[in-house]
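Each chain is listed here by its residues.
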Amino acid sequence: WQDVLSLITDLRKAGVFCVLSTNQEKYRMEYLWEKLQLKHMFDGRLSSVDAGALKPSRAFWEKALEKFEIGDKFSAVVWDSDPLAVREALDFGFKAYVYSDLKTFTTWSGQFSGNLQ
């Protein structure tokens with residue numbers, strides 16, 4: 001987990017806008033965001049409680065598009081460990097990948113900076 005957060009920090013330094021998207025209820029989301037300080041690791045968040053819809057529903061991705069003012073769906077990239085969430089994000093028009101291991105994510109991240117590995 002710390003390795004992933006480190007890569008996200010590097011991506012943000014390289015100018016990539018990083019958002020945490022998750023299915024969480026209100027109190028769990030606040031715990032993650034405030035107590036675990038994830039608010040300092042990401043540029044924004046979209047949880048099911050924020051969106052009023054569960055990921056991977058179309059309504060969840062529509063809320064992401066609206067909340068983060070994503071003008072071009074193809075500029076958004078979703079990484080998720082749930083293949084269904086990835087499929088729905090792809091169907092919605094986002095680029096999307098299944099997170100399966102750190103190496104794959106690190107390789108993908110390398111396109112933004114030669115120093116991410």
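Refer to the structure printed above.
Scope of this entry: the structure provided in the associated data block.

Some points on the side chain of S48
Then, number 1: Within the secondary structure, S48 is located in helix α3 (residues 48-51).
Then, number 2: Its relative accessible area of 9% is what places S48 among the buried residues.
Then, number 3: Filtering out sequence-adjacent residues up to four positions away, S48 remains in contact with T22, N23, Q24, A53, L54 and F60.

Description of the environment of F17
Then, number 1: On the secondary structure map, F17 appears in the loop between α1 (2-13) and β1 (19-22).
Then, number 2: It is 19 Å that separates the C-alpha atoms of F17 and W1, two residues lying 16 residues apart in sequence.
Then, number 3: Once residues lying within four places of it in the same chain are set aside, the contact partners of F17 are D43 and F68.

Remarks on the pattern of salt bridges
Then, number 1: Enumeration over the complete set of coordinates arrives at eight salt bridges.
Then, number 2: Taking the shortest distance from any N to any O, the salt bridge between R45 and D50 comes out at 3.0 Å.
Then, number 3: For D50, a relative accessible area of 26% translates into the label partly exposed.
Then, number 4: A salt bridge links E66 to K63, with the shortest nitrogen-to-oxygen separation between them at 3.5 Å. Here the residue E66 and the residue K63 both occupy positions in helix α4 (residues 58-67), the gap between them amounting to three residues, near one helical turn.

Here's the deal with the packing of α4 against helix α5 (residues 83-92)
Then, number 1: As a packed pair, α4 and α5 sit with axes 10 Å apart at the nearest point and diverge in direction by 60 degrees. In this view, α4 runs oblique relative to α5, as classed from their interaxial angle. The interaxial crossing formed by α4 with α5 has right-handed handedness. In this structure, α4 uses R58, W61, E62 and L65 to contact α5, whose residues at the interface are A85, E88, A89, D91 and F92.

Conventions used here
Residues numbered from 1 in each chain as written. Predicted model: local features only at pLDDT ≥ 70, side-chain atom pairs only at ≥ 80, totals over all residues. Heavy atoms only, no water. Helix = DSSP H or I, 4+ residues; strand = E, 2+ residues; numbered from the N terminus. Buried < 20%, exposed > 50% of the residue type's maximum accessible area, 1.4 Å probe, protein only. Contact = heavy atoms within 4.5 Å. Salt bridge = Lys/Arg side-chain N within 4 Å of Asp/Glu carboxyl O. Axes fitted to C-alpha atoms, helices over the stretch in contact; angles between N-to-C directions. Parallel < 35°, antiparallel > 145°, perpendicular 65-115°, else oblique. Left-handed = near helix turned anticlockwise from the far one by under 90°.

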